[in-house]
Amino acid sequence: RATWTGASAENPPSGGATWTSYALDEANGILYVSTGNPAPDFMPALRPGDNLYTNSLLALEAKTGKLIAYVQPIRNDFHDWDLSAAPTLFTNKSGRASVAAAAKDGYIYNIDRTAVKPTAGNEPDAQALVVRAKALTTTRENAEAPLSAERTTRFCPGIFGGIEWNGPAYHPGLGLLYANAIDWCTSVRLKPVGQMKGVPGTPWTGAHDPEHPFGVLDPIESSRGWISAVDAESGEVRWKVAMPKPMVAGITATAGGLVFTGDLDGNVLAYDAARGKELWRSATGKAIGGGVITYQANGRQHVAVAAGLNSPLWQLKGGAAQVAVYALP
């Protein structure tokens, strides 16, 4: 509560929900959890301070739920930039235990987890998880510009990100992380602080327009997407592919040097993992926003894709959901 210096009975610490998958380090009994943004989303004047433990990666003792360690890449967030995607556990080419956490601010954060121990003391350790590198995957504009009740501010990434719910994939042979991202900006004007009154069951964001409590997105026709490959140790972007629509699907890398994902036009896509060249595509006819996995069955490699995303926010009618499965001959 000390990091929410404006908190009161009428304005308690709020937000910080978890709304994506977690990652379990089975060998050490540690659960890694990404958390969402503080509320009111756009109005830090009501909650000055770091607002722990929002926009954070938490390390929990899996058996008890005890908080062992944390890192907060985005402090006192005022853009609705959750640490939104499922964390990815991996060991980098230098042999260091790491976790990749992707956020709606457009960054992939490469976080060192070598010092996280389940036998830590009673107080959570803010030094055990350390951001070693970060990589930007999309357009970033007006990121530091303050929001105001006197004018409208347009910022990128917008409230959809950046990187949404599907986390990065890692290729151990190449040492690269892969992620999909959204390029779609949002405009927000604040309500005067004195007019802020919370009503249970309604959005608590701080935006002036009750018809658009999460701001106004640029026209959907201007929205775009990216696929990025990032050096997991340095944060250098090795290659980047511009896409005509936001990219929200899962992404996975294979030992054979391929990266599989899908797009909102319903195409399953395969890229050269090292260079980013498109090598194959197949049309499912249904928007793809779900998981993409690879597995072996009866000695054959398969790729499965969750298709059929339906969403009024994305203006998509994907119809009945399906899982499309592909196999090598």
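The sections below set out a description of the structure shown in this document. All figures in this text were calculated on a predicted structure; none of them were measured in a lab. (Residues numbered from 1 in each chain as written. Predicted model: local features only at pLDDT ≥ 70, side-chain atom pairs only at ≥ 80, totals over all residues. Heavy atoms only, no water.)

### Points about the overall build of the protein chain
Here is step 1 of the chain: When helices and strands are tallied, the protein chain shows zero helices and 26 strands.
Here is step 2 of the chain: For the protein chain, whose C-alpha radius of gyration is 20 Å, the value lies close to the compact-globule estimate of 20 Å for 329 residues.
Here is step 3 of the chain: Counting only C-alpha atoms and orienting by the principal axes, one finds that the protein chain spans roughly 65 × 50 × 35 Å.
Here is step 4 of the chain: Of all intrachain contacts in the protein chain linking residues separated by at least 6 positions in sequence, the fraction that spans at least 24 positions is 57%.
Here is step 5 of the chain: Of the charged side chains in the protein chain, 28 are positive and 29 negative; the average position of the first set lies 3 Å away from that of the second. (Helix = DSSP H or I, 4+ residues; strand = E, 2+ residues; numbered from the N terminus. Rg over C-alpha atoms; globule rule 2.2 N^0.38 Å. Contact = heavy atoms within 4.5 Å. Lys, Arg positive; Asp, Glu negative; His and termini not counted. Charge placed at Lys NZ, Arg CZ, Asp CG, Glu CD.)

### Observations regarding a nonpolar patch on the surface
Here is step 1 of the chain: On the surface, a cluster of nonpolar side chains totalling about 360 Å² of accessible area is made up of Ile-293, Tyr-295, Val-323 and Val-325.
Here is step 2 of the chain: Elements supplying a minimum of two residues to the nonpolar patch: β22 (292-297) and β26 (322-327).
Here is step 3 of the chain: Looking at where Ile-293 falls in the secondary structure, it is placed in strand β22. (Patch = residues over 30% accessible without salt bridge, like charges linked within 9 Å, V, L, I, M, F, W, Y side chains within 5 Å. Areas by Shrake-Rupley, 256 points an atom, 1.4 Å probe, with all protein chains shown as cover. Salt bridge = Lys/Arg side-chain N within 4 Å of Asp/Glu carboxyl O.)

### Brief notes about the sheet that holds strand β23 (residues 300-307)
Note on sheets: strands pair through backbone hydrogen bonds, and any given pair is parallel or antiparallel.
Here is step 1 of the chain: The sheet built from three strands is open, its strands ordered β22-β23-β26 with antiparallel pairing. Each edge of the open sheet carries a strand with a single partner, namely β22 and β26. Here the average twist between neighbouring strands, direction ignored, is 25°.
Here is step 2 of the chain: In the sheet, β22 pairs with β23 via six bridges, with the strands oriented antiparallel. Pairing of Thr-294 across the sheet is with Val-303, part of β23. (Pairing = 2+ DSSP bridges. Axes fitted to C-alpha atoms, helices over the stretch in contact; angles between N-to-C directions.)

### Describing the packing of aromatic side chains
Here is step 1 of the chain: Going through the model one piece at a time under the given rule, you end up with 12 aromatic pairs.
Here is step 2 of the chain: Seen in terms of ring centroids, Tyr-53 and Tyr-70 are 5.0 Å apart; in terms of plane orientation they differ by 75°. Their pairing is edge-to-face. Here Tyr-53, found in the loop between β4 (38-39) and β5 (57-61), pairs with Tyr-70, found in strand β6 (residues 67-71); they are 17 residues apart in sequence, far enough to count as distant.
Here is step 3 of the chain: For the ring pair Trp-81 and Phe-155, a centre distance of 6.3 Å and an interplane angle of 80° mean the geometry is edge-to-face. Taken together, the residues span a long stretch of sequence, with Trp-81 in the loop between β6 and β7 (88-91) and Phe-155 in strand β11 (residues 153-155) at a distance of 74 residues.
Here is step 4 of the chain: Relative accessible area serves as the criterion here: at 0%, Phe-155 is assigned to the buried category.
Here is step 5 of the chain: Grouping aromatic residues by their ring pairs yields a cluster made of Phe-160, Trp-165, Trp-184 and Trp-314.
Here is step 6 of the chain: Between Lys-134 and the ring centre of Tyr-107, over which it is positioned, the NZ or CZ distance is 4.4 Å.
Here is step 7 of the chain: Of note, Lys-240 hangs over the ring of Trp-226, and the distance from its end group to the ring centre comes to 4.7 Å. (Phe/Tyr/Trp six-rings, centres within 6.5 Å; stacked < 30°, edge-to-face > 60°. Buried < 20%, exposed > 50% of the residue type's maximum accessible area, 1.4 Å probe, protein only. Lys NZ or Arg CZ within 6 Å of the ring centre and 35° of its normal.)

On their own, these measurements won't tell you what the molecule is for.
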